[in-house]
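Breakdown of the fold
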Amino acid sequence: MMERISQRISRRFIRVWQRNLTVYRKTWKISFLPPLLEPLFYILAFGVGLGVLVGEILFDSTKVSYVSFIAPALIAINIMYNAFFENTYVSFVRMYYQKTFDAIMATPLSLEEIITGEIIWGATKSVIATLIMLGVISLFGLITYPQGLLIIPLAFLGGIAFGSIGMFFTGIVPTIEIFNLPIFLFITPMFLFSGTFFPVENLPFWAQKLSILFPLTHLVNLTRSFSFGIIDTKLLWDVAYLFVFCLIFFPLAIFVMHRRLIK
Amino acid sequence: MLKRKGVLLQSSHLEKKQMEHIIEAEGLRKTFGDLVAVDDISFKVLRGECFGILGPNGAGKTSTIRMIYGFSPMTSGSLKVFGLDISKGLRQIKSHIGVCQQENNLDPDLSVLQNLEVYAHYFNIPRKAAEKRAKELLAFMSLGHREKAKVTELSGGMMRRLVLARSLINNPDLLILDEPTTGLDPQSRHQVWERLEGLRSKGLTILLTTHYMDEASRLCDRLVIMDHGRILVMGEPFELIRKHIGRNVIEVNAPSKELQAFIQSQKLEYEDIGHRLIIYSEDSDNLFHKISDSYCKDGCILRMATLEDVFLKLTGRDLRE
């Protein structure tokens with residue numbers, strides 16, 4: 001399967017990416033607002049409000065403030081959201097309602113290139129959101145540089161991981177409403193239990209083991225480590241996990257979209 | 001390998017005159033599970049002609065052309081476009097055809113002009129050239145004044161013309177149209193027809209599907225009538241009318257019993273559609289006088305046979321739903 005897929009993907013996928021960029025540029029002023037304002041709201045609510053109650057938290061055997069603990073997790077969550085929502089709802093609208101993929105398939109592009117372009121675009125949106133959030137959070141002095149810059153390529157990798165699984169769901173859901181299911185069963189539990197707002201160690205033992213399966217757990221661990229300036233070989237496991245996740249879900253996404261659209 | 005094919009195609013472009021067959025389909029079949037959509041059809045489309053595929057809903061028209069532009073893989077058979085095998089040279093083939101799909105799948109996120117420019121980029125046409133070509137095509141389709149408009153603001157006829165403009169963006173050697181005027185008002189249909197006639201007169205090869213007989217007679221040099229996935233007849237529109245119907249037909253409204261008895265005694269070929277009889281005859285002039293004088297005073301007309309007569313005679317009058 002991998003060989004067949006790679007044969008049909010040329011650099012032309014960039015045309016699909018460019019198409020989405022053209023559309024994005026029309027509404028960039030609105031698209032900029034959520035990643036700009038969201039961290040501010042969270043830092044205000046959790047840092048000033050909840051942070052007083054929580055006090056300090058142990059991370060990597062150091063005591064850190066609650067706001068510096070959650071700030072990098074907010075970036076990780078945004079990486080997940082941007083790619084996942086782009087390649088579920090937005091891609092589904094393009095595929096199903098607007099028939100954009102049908103139109104492109106009558107040009108020299110292949111379906112594999114369309115899907116690749118869509119996933120790379122989803123990851124690009126993750127990177128854009130990350131850049132804006134890094135800027136905002138850095139103003140509060142919560143990111144250590146230059147190590148913190150590693151979060152940018154990480155956003156791309158994480159974006160591909162979450163975009164691929166999003167596109168996989170797009171390939172199998174019968175209607176757009178069904179996306180509620182993966183969001184309810186997959187995205188929301190990850191949002192809460194991936195070491196985002198409290199350390200995974202606070203969970204019961206079985207739930208700790210379960211959360212290791214979540215890609216967000218690894219992404220959060222990486223963004224948090226980088227923003228505290230920690231670079232450790234242990235982190236390679238988290239990176240490797242995300243790579244393997246992409247290697248499974250990217251071809252799988254193409255496979256189910258092929259089954260759905262080529263009749 | 002890909003490069004070599006590209007060169008091959010280019011050289012065949014130079015020797016266009018030698019390439020008589022733009023499309024060669026042999027024993028083409030398409031099945032969806034148990035359903036046989038296209039059942040072993042063969043045909044050839046010559047360079048520079050307008051070739052029509054006619055048939056009622058579900059006859060297999062769209063399935064046929066979707067295989068030709070590579071949208072859906074064929075189940076079996078052989079299919080060559082521009083002399084290239086579709087399973088090997090699909091990308092090269094697709095870069096030289098223009099497709100106007102049945103559904104309007106214009107990009108609603110983009111403006112009229114952007115729809116063409118972005119589409120041009122799918123064909124790797126450079127930005128400057130794309131803009132120039134897009135503007136020319138908008139002018140040709142009388143859409144120049146709407147280039148900034150949103151696609152959703154356009155009327156049905158304008159959308160169709162924009163889809164047509166988009167399908168010409170790569171200067172195709174073959175234009176494929178799936179029911180190009182379905183759902184349009186008469187004015188818009190005539191506008192589309194005029195543009196298509198203009199393109200045909202410039203030597204563009206056109207393959208179209210339609211269930212409008214007037215459209216087919218006006219545009220097509222040759223056509224096939226399909227039903228249940230098979231080709232029933234193939235030929236030039238007038239030749240088909242002559243062969244299957246004759247020059248004229250007699251239509252009788254509310255035929256009397258005497259007339260029906262007369263028709264049966266004369267062993268005339270006719271069709272009974274409830275309150276109306278359609279009588280086919282070689283010698284329709286004399287027959288018409290006889291019938292109108294003796295059997296009906298009014299409600300009886302002699303008219304030119306049309307492609308519609310051929311179509312209904314061959315595909316029957318049952319509803320296809």
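What you are looking at is a predicted structure, and each value in this text was computed from that prediction instead of being measured. (Residues numbered from 1 in each chain as written. Chains lettered and ligands numbered in written order. Predicted model: local features only at pLDDT ≥ 70, side-chain atom pairs only at ≥ 80, totals over all residues. Heavy atoms only, no water.)

**Points about helix α6 (residues 156–167) of chain B**
To be explicit about the condition: Think of it this way: any DSSP run of H or I at least four residues long counts as a helix, any run of E at least two long counts as a strand, and we number them from the N terminus. Here the expected length of a helix is defined as 1.5 Å per residue gap, with one fewer gap than residues. Here's how the labels work: a residue is buried when its accessible area is under 20% of the maximum for its type, exposed when over 50%, partly exposed in between, all with a 1.4 Å probe on protein chains only. We call two residues in contact when some of their heavy atoms are within 4.5 Å.
Helix length check: α6 of chain B (12 residues) gives 17 Å between terminal C-alpha atoms against 16 Å at 1.5 Å per residue, within 8%. Burial analysis of α6 of chain B places 11 of its 12 residues in the buried class, the great majority of the element. For α6 of chain B, the complete set of buried residues consists of Gly157, Met158, Met159, Arg160, Arg161, Leu162, Val163, Leu164, Ala165, Arg166 and Ser167 of chain B. On its buried face, α6 of chain B sits against α6 (100–105) of chain A together with β6 (97–100), α4 (112–122), α5 (127–140), β7 (174–178) and α7 (186–201) of chain B.

**As for the interface of chain B and chain A**
To keep it simple, the criterion reads: Buried area: the sum, over both parts, of the accessible surface (1.4 Å probe) that disappears when the two are put together. Salt bridge, as applied in this entry: a Lys or Arg side-chain nitrogen positioned within 4 Å of an Asp or Glu carboxyl oxygen. Definition of a polar contact: a pair of N or O atoms within 3.5 Å, with one able to donate and the other able to accept a hydrogen when the atoms are protein atoms, and with sequence-neighbouring residues admitted only if both atoms are side-chain atoms. Three classes are used: nonpolar for Ala, Val, Leu, Ile, Met, Phe, Trp, Tyr, Cys and Pro, charged for Asp, Glu, Lys and Arg, and polar for all others, with Gly counted as polar.
The interface of chain B with chain A comprises 27 residues on the first partner and 23 residues on the second. Taken as a group, Phe71, Arg91 and Tyr122 of chain B account for 31% of the area that chain B buries against chain A, more than any other trio of residues on that side. Linking chain B with chain A are three salt bridges. Between arginine 91 of chain B and glutamate 113 of chain A there is a salt bridge; the shortest N-O distance is 2.7 Å. Linking chain B with chain A are 17 residue pairs in polar contact (both at pLDDT 80 or more). At the level of secondary structure, the elements contributing two or more residues to the side of chain B that touches chain A comprise β1 (21–32), α3 (90–94) and α4 of chain B. In terms of residues, the side of chain B that touches chain A owes the most to one element, α4 of chain B, which gives five residues. Among the residues forming the side of chain B that touches chain A, the class breakdown is 12 nonpolar, eight polar and seven charged.

**A few points about the packing of aromatic side chains**
The geometry of two aromatic rings is summed up by the distance between their centres and the angle between their planes. Residue and element names in this part refer to chain A. Convention followed: Note on aromatic pairs: the rings of Phe, Tyr and Trp (six-membered ring only in Trp) are paired at centre separations within 6.5 Å, and the planes decide the class, stacked below 30 degrees, edge-to-face beyond 60, tilted for the rest. When the NZ atom of lysine or the CZ atom of arginine is within 6 Å of a ring's centre and also within 35 degrees of its normal, the charge is said to sit over that ring.
For the coordinates displayed, the defined rule picks out 31 aromatic pairs over all chains. Seen in terms of ring centroids, phenylalanine 84 and phenylalanine 169 are 6.2 Å apart; in terms of plane orientation they differ by 70°. Their pairing is edge-to-face. Of this pair, phenylalanine 84 sits in helix α5 (residues 66–97) while phenylalanine 169 sits in helix α8 (residues 151–172), and the two are 85 residues apart along the sequence. Taking the relative accessible area as the measure of exposure, phenylalanine 84 reaches 0% and is therefore buried. When the ring centre of phenylalanine 69 is taken as reference, the NZ or CZ atom of arginine 224 above it lies at 3.5 Å.

**Brief notes about the side chain of lysine 30 of chain B**
Its place among the elements puts lysine 30 of chain B in strand β1. Sequence-distant contacts of lysine 30 of chain B, defined by excluding residues within four places in its chain, comprise Lys263 of chain A together with Leu35, Val36, Ala37, Val38, Met67, Ser72, Pro73, Met74 and Thr75 of chain B.

**Brief notes about the confidence of the model for chain B**
Under the convention used in this document: What pLDDT expresses is the predictor's confidence in each residue, scored from 0 to 100.
Here chain B averages 88 in pLDDT, while 93% of its residues score no lower than 70. The low-confidence segment residues 1–17 of chain B (pLDDT under 50) makes 15 contacts with residues lying over four places distant or belonging to another chain.

**Focus on the environment of leucine 252 of chain A**
Residues and elements named next belong to chain A. Among the secondary structure elements, leucine 252 is positioned in helix α12 (residues 235–261). Looking at leucine 252, the relative accessible area reads 28%, which means it is partly exposed. For the pair leucine 252 and leucine 149, spaced 103 residues apart in the sequence, the C-alpha separation amounts to 31 Å.

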